[in-house]
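So the chains spell out like this:
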Amino acid sequence: MKEKQLQSALNELAKATEESVRPSLAEDIKQHIPRILNPHRHGIDTINIIIDLRINKLTAAAIIIATMILLANLFGWRDSHGNSIYQDSRILVAYLLRGQTEKSKLLTVKSRYEHLLEKGEQAIYYDYKVNFNNSSAVLLQWKLPDGNYAIITSDLQEKTVSPEELIELLSKMLQEK
Amino acid sequence: MAKNPELTEQNTALAHPKNQQNVSEGIQSLTEKQQHSFAASLIAGEHAAAAELVDRNYLQIYLFMRRLGHSCQVSEDLTQETFLQAWHHIGQLRDGRALDGWLYRIAGNTSKLYWRKHKSRETTNIETLELPDSSITQHHRVEYNEQLSRLKIAIEKLPFKLKEAIVIHYMQHLSIAKAAEAAGIRQGTFKSRLNRALRILRKHVPE
């Protein structure tokens, strides 16, 4: 078919494919016009860009978390109690990447860790660093008044160890990495 | 870059025959000044302008959806969705000249999103009416209608981007500039897309 012939056929097809539409459609649409039509404010535009790009919701969430972690790293946004957004984001990422059993273990130990922090104990939670294949891997440690340390291992056993034993356990964990 | 020989202004004039001006009372029928003041009213959030936008465009957007292969019911839903999205993105409207392109861009994205969500759905044929034409014989009319049917099927089989280009320019009668804006691409890219689509259609629809 020649170029012009094809173009006029397309025009003809446009005429041939005109059809009537339900008369009340326009009224239905008009009923959904918001009472106040507000142009976007500048602050919301970033979110709209993400929406416009039609990014999968999970991808968008991952991008937001990654950006938060990156910013936290850049600005050294962490504190001694490990309660910052930075820590929470890392814990969240670690949590998302774990299996179900590991997730429940992490949650149990994390709640214990938060309880200890509230009591003012010097606790350290190892969350994402732990290899769950090693049953003696330390998930949580806190100092006892007698100078020893209480630990919770990845098999959820609570033990009391001396500082030397704790160092040994931690160095084993590091070697495994 | 060499000028595309197939899509000169003369050729594209075929896409906008004057006798089709009565198809809709769309935004195209407004003067440039009117388009600017209409867009300004929309950006200002005037309810009446929003209602006018619906009145002027709902039929064309519905037909656009139908021509992209959606069923009647889905086309109605997607037309509504297009306008809902338009209200949400009213702030992105910059000036009156961009009004057509802006609305069709939203409509195109709405359709694309629908196909992405319903990958298994097949396109629905839009009914073609037999146009009475006294200038050709009954035999030729039957032959011509057959050719139109083949053309319709060939358009339906085009990839979405090419189909959108053909529909928006030749069937919705948007100029190259506005159609390119609606597709969210440069005019040159749009022309090359159109050429590609026309080449495929020429292969599938014999003389």
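Source: prediction; values computed, not measured.

Trainee: How do you make sense of the overall build of chain B when you look at a structure like this?
Mentor: Scanning chain B for helices and strands turns up nine helices and zero strands. Listing the helices and strands of chain B from first to last along the sequence gives α-α-α-α-α-α-α-α-α. The buried share of chain B, taken over its 207 residues, is 38%. Long-range pairs, those at least 24 residues apart, make up 69% of the contacts in chain B between residues at least 6 apart in sequence.

Trainee: Is there a simple way to think about the overall build of chain A in this case?
Mentor: Along chain A, the regular secondary structure elements total seven helices and four strands. Secondary structure of chain A in N-to-C order comes out as α-α-α-α-α-α-β-β-β-β-α. Burial statistics for chain A: of 177 residues in total, 16% are counted as buried. Expressed as a percentage of contacts within chain A between residues at least 6 apart in sequence, the contacts between residues at least 24 apart total 28%.

Trainee: When you look at the sheet that holds strand β3 (residues 149–153) of chain A in this model, what are you seeing that I'm missing?
Mentor: Each strand in a sheet pairs with another by means of backbone hydrogen bonds, the pair being arranged parallel or else antiparallel. All names here are of chain A. Overall, antiparallel pairing links the four strands, which are arranged β1-β2-β3-β4 in an open sheet. Strand pairing shows two members of the sheet lacking a second neighbour, β1 (123–125) and β4 (158–161), which therefore form its edges. Mean inter-strand twist for the sheet, computed between neighbouring axes without regard to direction, equals 20 degrees. Across three bridges, the pairing between β1 and strand β2 (residues 138–143) is antiparallel. Looking at β2, one finds that Ile124 is bridged to Gln141.

Trainee: Looking at this structure, how should I read helix α3 (residues 47–67) of chain B?
Mentor: An α-helical turn contains 3.6 residues, so any two residues separated by three or four positions project in the same direction. Residue and element names in this part refer to chain B. For α3, which comprises 21 residues, the first-to-last C-alpha distance of 30 Å matches the rise-based estimate of 30 Å (1.5 Å per residue) to within 8%. At Asn57, α3 shows its maximal kink, close to 50 degrees. Summarising burial for α3: 15 of the 21 residues are buried, a large majority. Once α3 ends, the next one or two residues include Gly69, with phi positive near 105 degrees.

Trainee: Explain the nonpolar core here, please?
Mentor: Leu10 and Leu13 of chain A together with Phe64, Ala165, Ile166 and Ile168 of chain B are the most contacted members of the largest nonpolar core, which totals 53 residues. With 10 residues, α3 of chain B is the single largest residue contributor to this core. In terms of domain composition, this core takes at least three residues from each of domain 1 (23–119) and domain 2 (127–207) of chain B. With 13 residues, the next largest nonpolar core counts Leu106, Val109, Tyr149 and Leu169 of chain A among its residues.

Trainee: How should I be thinking about the confidence of the model for chain B in this particular structure?
Mentor: Caution is warranted with low-pLDDT regions, since their predicted coordinates should not be read in detail. Residues and elements named next belong to chain B. Counting all residues, the mean pLDDT for chain B is 78, and 72% of those residues have values of 70 or more. Element-level pLDDT for chain B is lowest in helix α1 (residues 9–12), with a mean of 44, against a maximum mean of 92 in helix α7 (residues 160–171). Across the predicted assembly, pTM comes out at 0.57 and ipTM at 0.71.

Trainee: What is the right way to read the pairing of β3 of chain A from this model?
Mentor: Side chains on a regular strand alternate between the two faces of the sheet. Residues and elements named next belong to chain A. The pairing of β2 with β3 spans five bridges and is antiparallel. Of the residues in β3, the one forming a bridge with Leu140 is Ile152. A loop of five residues connects β2 with β3, the two strands running antiparallel in sequence, and Gly147 in this loop sits at a positive phi of about 95 degrees. Looking at chain direction, β3 and β4 are connected through four bridges and run antiparallel. Among the inter-strand pairings, Ala150 is bridged to a residue of β4, identified as Thr160. Connecting β3 to the next strand, β4, in antiparallel fashion are four residues, including Leu156 with a positive phi near 65 degrees.

Trainee: What exactly am I supposed to notice about helix α8 (residues 176–183) of chain B here?
Mentor: Residue and element names in this part refer to chain B. Burial analysis of α8 places six of its eight residues in the buried class, which makes it a mostly covered element. If you check which residues of α8 are buried, you get Lys178, Ala179, Ala180, Glu181, Ala182 and Ala183. Of the surrounding secondary structure, the elements contacted by the buried residues of α8 are α5 (99–117), α7 and α9 (187–204). Where α8 terminates, the next one or two residues include Gly184, which has phi positive at roughly 75 degrees.

Trainee: It is not clear to me how unusual backbone geometry should be interpreted in this structure. Could you clarify?
Mentor: The bulk of non-glycine residues show a negative phi, and the bulk of peptide bonds are trans. Phi angles above zero are rare outside glycine, and Leu156 of chain A is one such case at about 65 degrees. Structurally, Leu156 of chain A can be placed in the loop between β3 and β4. Even without glycine at this site, His173 of chain B takes up a positive phi of about 60 degrees.

Trainee: I'm lost on the packing of α3 of chain B against helix α4 (residues 72–88) of chain B in this one. Help?
Mentor: Residue and element names in this part refer to chain B. Contact geometry of α3 with α4 gives a least axis separation of 9 Å together with a crossing angle of 135 degrees. With respect to α4, the axis of α3 lies oblique. In the packing of α3 onto α4, the handedness of the crossing is right-handed. Here α3 contributes Ala50, Val54, Tyr58, Ile61, Tyr62, Met65 and Arg66 to the contact with α4, which in turn contributes Ser75, Glu76, Leu78, Thr79, Thr82, Phe83 and Trp87. The residue inventory of the contact of α3 with α4, partitioned by class, reads nine nonpolar, three polar and two charged.

Thresholds applied
- All residue numbers here refer to positions counted from 1 along the written sequence of the relevant chain.
- As they are written, the chains are lettered A onward and the ligands numbered 1 onward, keeping that order.
- The predicted origin of the model limits local features to residues at a pLDDT of at least 70 and limits the giving and counting of side-chain atom pairs to 80 or more, whereas totals for whole chains, interfaces and linings rest on all residues.
- Counting from the N terminus, the helices are the DSSP runs of H or I reaching at least four residues and the strands are the DSSP runs of E reaching at least two.
- Counting other C-beta atoms within 10 Å of a residue's C-beta gives its exposure: the residue is buried at 20 or more, exposed at 12 or fewer, and partly exposed in between, where C-beta atoms are placed from the backbone.
- Each residue is represented by a C-beta atom placed from its backbone, and any two residues with such atoms within 7 Å are regarded as in contact.
- Any two strands with at least two DSSP bridges between them are considered paired.
- Every axis corresponds to a line fitted to the C-alpha atoms, with the helix fit spanning only the stretch in contact, and the corresponding angles, defined between N-to-C directions, vary from 0 to 180 degrees.
- An expected span of 1.5 Å times one less than the residue number is assigned to each helix.
- Throughout, bend refers to the angle between the axes fitted to the seven residues that end at a position and the seven residues that start at it.
- Joining buried Ala, Val, Leu, Ile, Met, Phe, Trp, Tyr and Cys residues through C-beta atoms within 7 Å gives a set, and that set is a nonpolar core.
- For every domain, the bounds stem from an assignment made automatically or drawn from a database.
- A score from 0 to 100, pLDDT tells how confident the predictor is in each residue.
- When describing relative orientation, an angle under 35 degrees is termed roughly parallel and one over 145 degrees roughly antiparallel, while 65 to 115 degrees is termed roughly perpendicular and anything else oblique.
- Helix crossings get a hand from a simple test, with the near helix turned counterclockwise from the far one by less than a right angle marking a left-handed crossing and a clockwise turn marking a right-handed one.
- Each residue gets one of three labels, nonpolar for Ala, Val, Leu, Ile, Met, Phe, Trp, Tyr, Cys and Pro, charged for Asp, Glu, Lys and Arg, and polar for the others, Gly among them.

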